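Descriptive structure summary
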Amino acid sequence: QVQLVESGGGLVQAGGSLRLSCAASGGTFRRYAMAWFRQAPGKEREFVARVNTSGGSTYYGDPVKGRFTMSRDTVKNTVYLQMNSLKPEDTAVYYCASTTTFSGTHYSSDYLYWGQGTQVTVSS
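Here we summarise the structure given alongside this text. (Residues numbered from 1 in each chain as written. Predicted model: local features only at pLDDT ≥ 70, side-chain atom pairs only at ≥ 80, totals over all residues. Heavy atoms only, no water.)

1. A closer look at the packing of aromatic side chains
Applying the stated criterion across every chain yields a total of six aromatic pairs. Between Y32 and Y113 the ring centres are 6.2 Å apart and the planes differ by 75°, which places this aromatic pair in the edge-to-face class. Taken together, the residues span a long stretch of sequence, with Y32 in the loop between β3 (18-25) and β4 (33-39) and Y113 in strand β10 (residues 113-114) at a distance of 81 residues. Both residues of the pair, Y32 and Y113, belong to the buried class. Counting every residue linked through ring pairs, the aromatic cluster contains F37, F47, Y95, Y111 and W114. Above the face of the Y95 ring, R45 is positioned so that its terminal group lies 4.0 Å from the ring centre. Across from the ring centre of W114, 4.7 Å away, lies the NZ or CZ of R45, which sits over that ring. (Phe/Tyr/Trp six-rings, centres within 6.5 Å; stacked < 30°, edge-to-face > 60°. Helix = DSSP H or I, 4+ residues; strand = E, 2+ residues; numbered from the N terminus. Buried < 20%, exposed > 50% of the residue type's maximum accessible area, 1.4 Å probe, protein only. Lys NZ or Arg CZ within 6 Å of the ring centre and 35° of its normal.)

2. Focus: the nonpolar core
Within the largest apolar cluster, 29 residues are counted, with the highest numbers of intra-cluster contacts made by M34, W36, M70, V79, L81, M83 and Y94. Mapped by element, the contributors of at least two residues to this core are β3, β4, β5 (46-51), β7 (68-73), β8 (78-83), β9 (92-99) and β11 (118-123). Per-element tally for this core: the top contributor is β3, with four residues. Those residues in contact with Y94 that sit more than four places away from it in its chain are E6, L20, W36, F37, R38, V48, F68, L81, M83, G117, T118 and V120. Membership of the second largest hydrophobic core comes to five residues, among which are A35, F37, A97 and Y111. (Core = buried A, V, L, I, M, F, W, Y, C linked by side-chain atoms within 4.5 Å. Contact = heavy atoms within 4.5 Å.)

3. Examining the state of the cysteines
One pass over the structure, following the stated rule, counts one disulfide. Across a sulfur-sulfur distance of 2.1 Å, C22 and C96 are joined as a disulfide pair. The chirality of the disulfide connecting C22 with C96 is left-handed, given an S-S dihedral of about -75°. Of the two residues, C22 is situated in strand β3 and C96 in strand β9; the sequence distance between them amounts to 74 residues. For the pair C22 and C96, one class covers both residues: buried. (Disulfide = S-S within 2.5 Å.)

4. So, the pattern of salt bridges
Scanning all chains against the criterion turns up four salt bridges. R38 is paired through a salt bridge with E46; the nearest N and O atoms lie 2.7 Å apart. Owing to a relative accessible area of 6%, R38 belongs among the buried residues under this scheme. Overall, E46 belongs to the partly exposed group, its relative accessible area being 29%. Two residues, D90 and R38, come together in a salt bridge whose shortest N-O distance is 2.9 Å. (Salt bridge = Lys/Arg side-chain N within 4 Å of Asp/Glu carboxyl O.)

So, in structure tokens, the structure goes:
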């Protein structure tokens, strides 16, 4: 059983930056592709970014391309989401998720384990 714990959310002004972290435990970290999703009030959960098991490939949702960067640290069993040039529409609860496929997918239903989420609020 894999446990995922997110941190780093908060309140930031538009144009600012935040870095989210997701610490994994209880499993073999290198076997899991990792992803970030987000969910705003009244909206469906949305794919943000994913990284493959080796950390060599990353993929991003169109709304965040060029602004967000995902990375993984296999020593610390942690993934990160660096968020720059934040916009009010980035406001959401951000979730970390893991799956046993090599590269992961854009679909939340393909992910086995989820963190509790961390709130990101971007003020205008």
